[in-house]
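What follows is the residue order along each chain.
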Amino acid sequence: MAISDLASHLNNLSAALSKEDGEQYTGALIELLLDAQSYVQNLATECLGQIFKLIDTNTTLTTVTNICTRIAKRTSSDGASALSVALRVLVSRVAESTEDKSFVVLLAQPIVSALSKSKDLPADVNIDMFAALSEVIESAGALLAVSSGPADSIQALLLDYSTHPNPNLVRRAFAVLGKFVVHVTGERSVNALNTIFERYQDCAKESDKAVLLGVLVAIARQRPACIKPVVVPIIDSELKTVNDCETDLRVTSLLAFETIVRSCSELVGDRSSEIYAAAIKAAKYDPSYNYDGDDDDEMASGSDGDDLEEEFGDEFDDDIYDDHDDTAWNIRTGGIRLLGTLAKSDLISPADAVAKIGSALIGGFKDRVDAVRTEVLTTYTAMLDTIKARLGAESGAASTQDMEVEHAAVDAVVQQAPQAVSALLSAMKQYPKSTETKQLAFTVLGRIASVRRSALDSQLASIQPIVLSALTANDSAGALQTAATSIVRTNLKLDVLEFVRELVTRRSMTDAADEFLFAVKDGIKCNASSKTAQVPATTFSVAGDVLVSLRLAVDTTSHDTSRYVAWIQDMATLAIAAAGTSDMHLRTNVYNFIGTVLSQFGDVIDAAIVDQALSILMAWKNGTANVLALINALTMTLSASTHLPRERIVAAAPLILEQVDPLLRQNEVKVYASALAVVQSLSNYGDLATPAANERILLGIVGIIEKSPTSPPVVALQTLANVCAQVSEESIKQIAPKLINLLSVASVHDKQSSGALEQVYEAVGKSFPSTTEQWKSGILSNWQQSYASFDKQHKSKNNDAILAQFPSSALANAARSILALFVGHYKAVGQAWADGFLSDLLFAEPRSTTEVALTCLALRVLGYAAASGLLAQAADMAKQFYAYVESSNDDVRNEAAFALGNYVGNYSDLLSALFSNATASTGASASSKLVAVKAALDLAVATRRNAATAESAWTQVTSYVEASEKPVPDVVAQILAIFVFAFPDVYIPQLASCIANSTSSTAKVSFITAFRTVLADKHLSPQCDAQIKLVLPTVLSRISDADINVRRLTLLALYTLIQTKLELVEDTIPSIQPALFQQTVIDLSVVREIAMGPFKRKIDDGLEMRKVAYMCVQLLVRHMLPVVDGAALVDCVVRGMPDDPEVRAIVQHLVMETASTFPNNYVERLDDIGTAINEVREIKVHKSAVKQEADKKEDAIKVVVSIAAKLQPFAKPAHSPGGMFATMLADMTNPSNESLYKYYKACTESSPSSSAASK
C-alpha cells in the first residue's frame, strides 16, 4: 500500500487495530521517516499523528520509544530531523486527546533518555524533542508532581541542558523548566523556580538575562502565587538597569513590570513611581526620531480641522509606513502597555491615571510607527473604559451610559479632552492613509464622550468637518480602487456613526451639541441609502437614537427642534422606501426607526408619512421573524409615552386587534407574547375595540393561559388585567367558569407570577364586583384540595409522611389573590377595606381538614392585610390572633404567628407586650409567639427601618438572653440578626460586645449563633462586611472560652469566614492561630465514662468541637498556607492520628498537602509520628465486635500507612534504623508483614513518589 493510500485508509478506519497490525503499521511508518524524499517523510509523520487513536497505549509507548532510540543513535542530522518532527507531532496529539494522564507521564522517560544522548545533534532536533517534553509537562503536570522518578529525571535533564554551549538549546531548556514550575507543583516546582531565579541573578549577559526574565514572566502570568517570593528582588534588579538598556532585555523588563503590576500589585509598594517613570521613558524611546520638532504643532494650538476634510476623500488604502527598527518600537510598545496596566491597577487613582498616564499617551498619538500608534490609542481607550467601569461600580449604577457625576477622574478627562482632540486631529492629518488610526481616533472620541457627554462640546467645531467628510465619502470603488478600499471606508463610517451615537445620547442637549448634530445630520442621511452592508442598518439605528435624544431635549428643557423636522421626514421617507429590503437585519432596524419616528415625533411630521409608516408596521406578513420585528416596532409606537396622536391610534386599533387575534392562538411563545404586548399597549388607551373584538381577545388570552395553567405567562396575566376593564360583564360571565378554574389553579400552583395574579384579581374585583364571591369560591376550592393532599400525605403511616411539605407557595398565592380581589371589590363599591369577607373562613376551634385549611388561609390574608396597613388597630383583632396562637394545630398556630407578627409590626407599640408574652409562655405557643416577634421586627425594623423601635426591642431581647438560665430558642438568634441586617453600624459592635462581655455561657451561645446567622447570609452589604472585619478579633477570642459549646460555635464561625469571607478574617488569623491549634488537643475534662450494662463506654463531649478545629486548620492550609505555623501544624498532625476516624482523615489530607512545605518540621517529629502510628496499630478490636468495628480498624491502618509512605523520603537522611519511624517503615515495607505491606504497596503504586523513594 502506498503511503498516500495509507493516510486515506487511516482516516476512514473507525475500529481499533489489533496489536500485531498496530506494531506492523507503526514500524513501517518509522522506517518511512528515514526516506530520502521529504514528501514521504511528511506523510509518514501525518500518519503517525493519526494512528495513535487506533492502537493501544502499549504500542503507542513502544512507538515513541523506538523513535527516541533511533534519534539517540543518529550520529549526524541525517534522518534525525524527520524523526524529531514526528515525535513532536505524535506526543502533542497523544497528550492533547488522552484522558489517562498516567500514560502521558510514561512518554517522558524515552524523550528524556534521547535528549540526554543527543546533545551533539543539530539544535532543531533537540528543540523538537523539548517541544514534545513540554507537551507531556503541560498535559500531565499534576501527576508528575507526585511521580518522583519521571519528575526528577526531567528536572535533572533540563538543568543539564542549561549549561549547553548552544544558546538556543539553553533558552529552550529554561522555557521548558518554566513550564515545569507552572504545571508540576510542589517542592520540585519551588526548587526549579529557585534555580531559574538564581541563574537570572547571576547572569551578566543581557541576551541570556532577557531569556531567564522572560521565563519568570511566563511563570508569573500562569501561577502568580508561586512567583511572589522573588517579585521584590526582580523589581529591585530591573529598576537599576531598565532605563539604560537598549536591547531585548528592556522589552522583557517592561513586560515583567506589566505582569507584576497586573498579578501582584500589592508587592510593588512604594516602587510604583519608579516603574511609572520607567514606563514613561520607554514610551518615548525613539533614538532615530525627534517628535519635539513636529511641523504639525498648529493642531495642538487649536486648529479647526477644516484642512482635514479632503483627507477623507478617495485616497483610502492601507499602504502604511512600516518601521524596521523593531527593538525601538518594541520598547515603546512595552512602555505603553505598562502604562495601560498601571492605569488599570490600584497603584494609581483614576484621576492621576488620566492626568499622568493619559497625558503621556496623548504624546504618542502621532507615533511614526503604525503598530506603536495603534497600541497608544488602544491603551488610552482602555484607560477610559477602566474609569467608566470604576465610576459605575462606585455609583452602583447598572449602566454608565450617562454618567453626569462629579468625580475627580471625570473632571480630569474633561480637562484633558482639548489636548486629546487636538492630538487626534493632528494624527489623522499626519497619517491620512492610516485608516486604523482614524478608526481608533473616533473610538477614543466616543469613549471621552461616554465619560461625560459634554466633555467634547468645546471641540465639536473642530471635529465636525472630519465627521461630515467621513460620512459623505463615496462608497463605490472607482476604476483604480479595490473592493478592500471600499470595505475600509465602510468600517470607518461605522466607527464614525457609533461616535455620533455616543455623543448625542444625552439627557440635555447643549447648544454646541445641537449645532454639531445639525451640521452632520445630512451626512447621516446620505448613508441611509448606501448599498454597502451594515452601513444603512447602523445609520437607521443611530438616527433612532438621535430622535430619542431630540425628544428628550424637548420634553426636559423645551429645546427647539423645529429645524430638524424636514430631516426627520426625509429619514422617515428613506426608511419607508427601505422597508421592502431583503436584508432582515436592515429591515429590523428600519422597522425600529419607523416606530421611533412615530413614537417620538408622530405629532409633528406630515400626516401622509404617518399613514405610510403605520401601514408598514401593520402589514404582518413574510414570515415569523418579519412579523415579530414589525410587532416590536409597533409596540414601541403604542407605548404610553408615545407622541403619536391618540386619534391615529384609535383609528388604527381595529385593524391591529384584528391581526392580533389569530396570533394569540399560535403555539410559538415569541409570537403570542409579542401579540400580548400589543394588546397590553392598546389597553392603556381605553376600549378601542368592538365588543366582538374584545371578546375574541379575551378568549385568546384565556387560550394562552390554558396552555400552561400552573404557570401562565406573566404578560398574559398583565394583559388580562388590563382587558378586564374593557370586557362586558356578560362576556366575563360566559367565560367565568373556565377562567375562574384556570386562575384558581394558577393562584395555588404558580410560584412565579403572584404579582401579576394580584393585578388580575384586583381588576376583576374592581370591574365586576358582583362576581367576587364566585371568584373567591374558585380560589378556596383549589386551596382546600391542595391542603387536603398535603394533610393526607402528612398523616400517612408510611414514608410519605416524611416527604410531606406544607404548601406554603400555594397558600401565599391564594391569600394574596383573595386580598387583591376584595381590594378591587371595595374600590368598586366605594367602601373602605374590611375583613368581613373572611368571617365564614375563620373557625374558633378548627378541627376538620377543611376548617384548618380555611382558617389558615384567612389568617394568611389577615397577615398580608396587616403588612399593607389595611388592618386598623383593634383590641378584638389582637385578642383573636393571640387565641389562634394557642391552637393545638401546628399549621393554624404558624399562620396565626404570621398574622400576629405583621399586625404588631404595623403597630410597634404592641411589640414589647408581645415579646413579654412570648418569653413568659411555655410549650408550642411560646415558640409561635417568638416567631410572631420575628415577623413583627421584620416589618418594623428590617422593612421600615424604624430606629426607635429597634433600639427598645434590642434592649429587651438582649436583656432576656442575658437573664435566661435555660438555652433560648434558635429563633431568638434570628431575631438578633434582624437588627444587624437593618443597622449594621449600630448593632454589629453591640453584638460583639455582648459576645465578649456576657458572663453567661447560655447567653454567649445565643449571641454567637446570631453572629453565625449573619455570616450565613450570602448577600451581606459592604457596611456589614466592614463592621464584621472590625469586630472579628473580639468575637474570635471566644475560641479560648471556658465553655465548650461557645468554643465550638466560635470555631464554626471561623470555618464559615475562612470558606466564604477570607478577606475579612485574614488579618486576624495570626493572632488566633495558637488558640485554634490548642483546640485540637483532647480536653480530658470533658471526657466522661458511662455504663452500658456490663460494659463501660467513654463519651468525648469535645470531639465535635475538635473536628471543627481540624476542619479550620485544613482550610487554613488550603487558603493561607504562608501564615500557617509549621511546628504547630505538625503537632496537631501527631495528636490527630490516634484520634477519631474523621479527625484522622483530615490529618491524612494535611500531611499530603503540607509535607513538601514543612519538611524540617516533619523531620523533627518523625519518631513522634512513628509512635502515633504504632498507637493506631495497637487499637484493640474485641473478638466479639461487629464487622463495622473491624472495618474501622482497617481504615485507620490504611490512613496511617499512607501518611508514613508520604513521609518516607524524609526518613533516610535523618534517622537511624533504630528510630520509631524507621521501625514502622521496616514493618510496612516488609512483604512478610502482610497486614501492613498490602496497604503500603497500594499507596506506593498510586503514588509513584513513594515508590521511587523506597527504591
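Computed from a predicted model, the values in this text were never measured in an experiment.

### A short note on the pattern of salt bridges
A side chain of one charge can pair with a side chain of the opposite charge if their charged atoms are brought near each other.
So, step 1. Overall, the coordinates contain 55 salt bridges when judged by the stated rule.
So, step 2. The closest approach of N and O atoms between lysine 776 and glutamate 773, which form a salt bridge, is 3.9 Å. With lysine 776 and glutamate 773 both in helix 36 (residues 772-795) and three residues apart, this pair spans about one turn of that helix.
So, step 3. Counted as one network, the salt bridges with shared partners bring together Lys521, Asp522, Lys525 and Asp570.

### Comments concerning the packing of aromatic side chains
So, step 1. For the structure on display, the rule yields 24 aromatic pairs.
So, step 2. Within the aromatic cluster, the residues linked to one another by ring pairs are Trp783, Tyr787, Phe790 and Phe806.
So, step 3. Its guanidinium or amino end placed over the ring of tyrosine 161, lysine 119 lies 5.5 Å from that ring's centre, counting from NZ or CZ.
So, step 4. If you follow arginine 563 out to its NZ or CZ, it ends over the ring of phenylalanine 518, 4.1 Å from the centre.

### As for unusual backbone geometry
So, step 1. Look at glutamine 534: it is not a glycine, yet its phi comes out positive at around 75 degrees.
So, step 2. Positionally, glutamine 534 belongs in the loop between helix 24 (511-526) and helix 25 (535-557).

### Here's the deal with the side chain of serine 189
So, step 1. Tracing the backbone through its elements, the reader meets serine 189 in helix 11 (residues 187-202).
So, step 2. Reaching out from serine 189, the side chain makes a polar contact with the backbone oxygen of valine 181 at a distance of 2.7 Å.
So, step 3. What serine 189 contacts, discounting residues up to four positions off in sequence, is Phe180, Val181, Val184 and Arg223.

### Here's the deal with the packing of helix 12 (residues 206-222) against helix 14 (residues 231-241)
So, step 1. Orientation of helix 12 relative to helix 14, taken along the N-to-C sense of each, is 145 degrees, at an axis distance of 13 Å. Read as a crossing pair, helix 12 and helix 14 show a hand that is left-handed. Judged by residue contacts, Lys209, Leu213 and Leu216 of helix 12 engage Ile234, Ser237 and Glu238 from helix 14.
So, step 2. Here the residues of the contact of helix 12 with helix 14 are counted per class, giving three nonpolar, one polar and two charged.

### Structural notes on the packing of helix 39 (residues 849-867) against helix 41 (residues 890-906)
So, step 1. With their axes 8 Å apart at the nearest point, helix 39 and helix 41 run at an angle of 15 degrees to one another. If you check the angle between helix 39 and helix 41, you find them roughly parallel. Here helix 39 runs over helix 41; the crossing is left-handed. Residues Val852, Thr855, Cys856, Leu859, Arg860, Gly863, Tyr864, Ala866 and Ala867 of helix 39 pack against Asp891, Val892, Glu895, Ala896, Phe898, Ala899, Asn902, Tyr903 and Asn906 of helix 41.
So, step 2. Partitioned by chemical class, the residues of the contact of helix 39 with helix 41 number 11 nonpolar, four polar and three charged.

### Focus on the confidence of the model for the protein
Atomic detail in the predicted coordinates should be set aside for any region of low pLDDT.
So, step 1. Per-chain confidence: the protein averages 86 in pLDDT, with 91% of residues scoring 70 or above.
So, step 2. Per-residue pLDDT stays below 50 along residues 291-324; that stretch engages in 69 contacts with residues further than four places along the chain or on separate chains.

### Observations concerning helix 44 (residues 947-963)
So, step 1. Between its terminal C-alpha atoms helix 44 stretches 24 Å, which fits the 24 Å expected from 17 residues at 1.5 Å a residue.
So, step 2. What helix 44 keeps buried is the set Thr949, Ala950, Ala953, Trp954, Val957, Thr958 and Val961. The buried residues of helix 44 occupy one face: seen down the axis, they fall within an arc of 140 degrees. Exposed residues pointing more than 90 degrees away from the buried face of helix 44 are listed as Ala948, Glu951 and Ala963.
So, step 3. As for helix 44, its buried residues are in contact with helix 42 (911-920), helix 43 (924-943), helix 45 (970-982), helix 46 (984-997) and helix 47 (1001-1015).

What counts as what
Residues numbered from 1 in each chain as written. Predicted model: local features only at pLDDT ≥ 70, side-chain atom pairs only at ≥ 80, totals over all residues. Heavy atoms only, no water. Salt bridge = Lys/Arg side-chain N within 4 Å of Asp/Glu carboxyl O. Helix = DSSP H or I, 4+ residues; strand = E, 2+ residues; numbered from the N terminus. Phe/Tyr/Trp six-rings, centres within 6.5 Å; stacked < 30°, edge-to-face > 60°. Lys NZ or Arg CZ within 6 Å of the ring centre and 35° of its normal. Polar contact = N/O pair within 3.5 Å; in protein donor to acceptor, adjacent residues only side chain to side chain. Contact = heavy atoms within 4.5 Å. Axes fitted to C-alpha atoms, helices over the stretch in contact; angles between N-to-C directions. Left-handed = near helix turned anticlockwise from the far one by under 90°. Nonpolar A, V, L, I, M, F, W, Y, C, P; charged D, E, K, R; others polar. Parallel < 35°, antiparallel > 145°, perpendicular 65-115°, else oblique. pLDDT = per-residue confidence, 0-100. Expected span 1.5 Å × (residues − 1). Buried < 20%, exposed > 50% of the residue type's maximum accessible area, 1.4 Å probe, protein only. Arc of directions from axis to C-beta.

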